[in-house]
Amino acid sequence: MVVNKITNKELIDKVGIIGLGSVGSALFKHLSNFYNVSGYDIIGNYNWNDILKCPVSFICVQTPGDRNGRLDCNHVEDTLQKLASSNYSGVIIIKSTLGVGFMENVTSKFPELRIVYSPEFLREKSALEWTANPDRLVFSGKEDDVREALKIYSWATGVDIIITDYRSAEIGKLAHNAFIATKVSFTNTMENIAARGRGNIDDIMKIVYTDRRVRNMAHLTPHLGAFGGKCVPKDTMELMNAFSSESLLFKADFVVNETVKSNMKNSTTDKGIPDSDNYGEHR
Ligand SMILES: NC(=O)c1ccc[n+]([C@@H]2O[C@H](COP(=O)([O-])OP(=O)(O)OC[C@H]3O[C@@H](n4cnc5c(N)ncnc54)[C@H](O)[C@@H]3O)[C@@H](O)[C@H]2O)c1
């Protein structure tokens, strides 16, 4: 379901944020414009009891890729366990990227907790700006809990709100990064074809992205190398490994990406800079 504007403007005064890395600290800074925000991280000096006083708390801890190419969501689960042990009764909004099926597991493991999954889509380079101006907000959870979570976003006027089920929110978040991986791999494939076919890659990609159905150079810009960064590879891997037999396209993305990376390792740009310095430019 897509809701185009937030109608509930009722304000909550205190908000908690658990995990103060790239996502959590941007959220902390932005929400401090509207609320009394308390932060908590395992690194540093924070008071857990401050979180327990907040009627709504966000979880922004890391979910790295594990050795099987799946997301390791143990930090999120540990945080939920800690909230359950503290008898936390507020609404918990998870911004960390989750593996497929995680929400079903934790909602049955912690039935007393009010958990909403609201994946984050910010670009790390401009984390605060993207937090303050999201393209869309996604929510999945019980109706009452989502309604409470929405109150925090009364500042986000004119933003598409997508309320959906747990699985669609989990897969949708991963799909977004898999789409980036696929666009970058397409661009890199076109670079090879342009070289072999003696075409001008800048003109070729311009022909692609100036179309009214595309109209955006993001990830279709040549010369930026392989996809990389903290999220795109691990999230694409999670989707690919959760649905291995449906993921031929993503497997091809990784084959293309590895080839680009190994070619870049041995080459330099016109200015003598190692090409591999471009890794992750496509984040
Ligand atoms: N960085 C991005 O660009 C980005 C974009 C969208 C989504 N995400 C997702 O958001 C989540 C957070 O990413 P990030 O880049 O902010 O991670 P990060 O590694 O920068 O920060 C995570 C923070 O959580 C803290 N932490 C870990 N376990 C904790 C615990 N039990 N209690 C309290 N604090 C704890 C860590 O000390 C760290 O400060 C990940 O799931 C990531 O995939 C990240």
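Before reading further, recall that the structure is shown in the block above.
Residues numbered from 1 in each chain as written. Predicted model: local features only at pLDDT ≥ 70, side-chain atom pairs only at ≥ 80, totals over all residues. Heavy atoms only, no water.

Could you give me a rundown of the layout of surface pockets, with the residues and numbers involved?
Of the voids in this model, the largest pocket is the one considered here, and its volume is about 1,300 Å³. The wall of the largest pocket is formed by 50 residues, among which Val-23, Thr-97, Glu-120, Leu-122 and Cys-231 lie closest to the centre. Looking at the lining of the largest pocket, the elements with two or more residues in it are α1 (22-31), α3 (74-85), α7 (166-196) and α9 (232-242). The dominant element in the lining of the largest pocket, judged by the number of residues it contributes, is α7, at 6 residues. Considered class by class, the residues forming the lining of the largest pocket number 19 nonpolar, 15 polar and 16 charged. (1 Å grid on protein atoms, 1.4 Å probe; cavity = no way out; pocket = protein on both sides within 12 Å on 5 of 7 lines; lining within 4 Å. Points joined across faces, edges and corners; volume = space filled by probe spheres on them. Helix = DSSP H or I, 4+ residues; strand = E, 2+ residues; numbered from the N terminus. Nonpolar A, V, L, I, M, F, W, Y, C, P; charged D, E, K, R; others polar.)

Help me get a handle on the side chain of Ser-38, residues and values and all.
By the secondary structure assignment, Ser-38 is in strand β3 (residues 36-40). Judged by relative accessible area, Ser-38 falls into the buried class, the value being 16%. Not counting the four nearest positions on each side in its chain, Ser-38 is found in contact with Val-15, Gly-16, Ile-17, Phe-28, Asp-50, Ile-51 and Cys-54. (Buried < 20%, exposed > 50% of the residue type's maximum accessible area, 1.4 Å probe, protein only. Contact = heavy atoms within 4.5 Å.)

Break down the packing of α7 against α9 for me, citing the residues and quoting the values.
At a minimum axis separation of 8 Å, α7 and α9 run at an interaxial angle of 120°. Between α7 and α9 lies a crossing of left-handed hand. Across the interface between the two elements, Ile-171, Lys-173, Leu-174, Ala-175, Asn-177, Ala-178, Ile-180 and Ala-181 of α7 pack against Val-232, Asp-235, Thr-236, Glu-238 and Leu-239 of α9. Of the residues assigned to the contact of α7 with α9, the class counts are 8 nonpolar, 2 polar and 3 charged. (Axes fitted to C-alpha atoms, helices over the stretch in contact; angles between N-to-C directions. Left-handed = near helix turned anticlockwise from the far one by under 90°.)

Hey, could you go over unusual backbone geometry for me, with residue numbers and the actual values?
Positive phi is not limited to glycine here, since Arg-198 has a value of about 55°. Structurally, Arg-198 is set in the loop between α7 and α8 (201-209). Look at Arg-198 and you get exposed, because its relative accessible area is 78%. Look at His-223: it is not a glycine, yet its phi comes out positive at around 75°. With respect to the secondary-structure elements, His-223 resides in the loop between α8 and α9. Overall, His-223 belongs to the partly exposed group, its relative accessible area being 45%.

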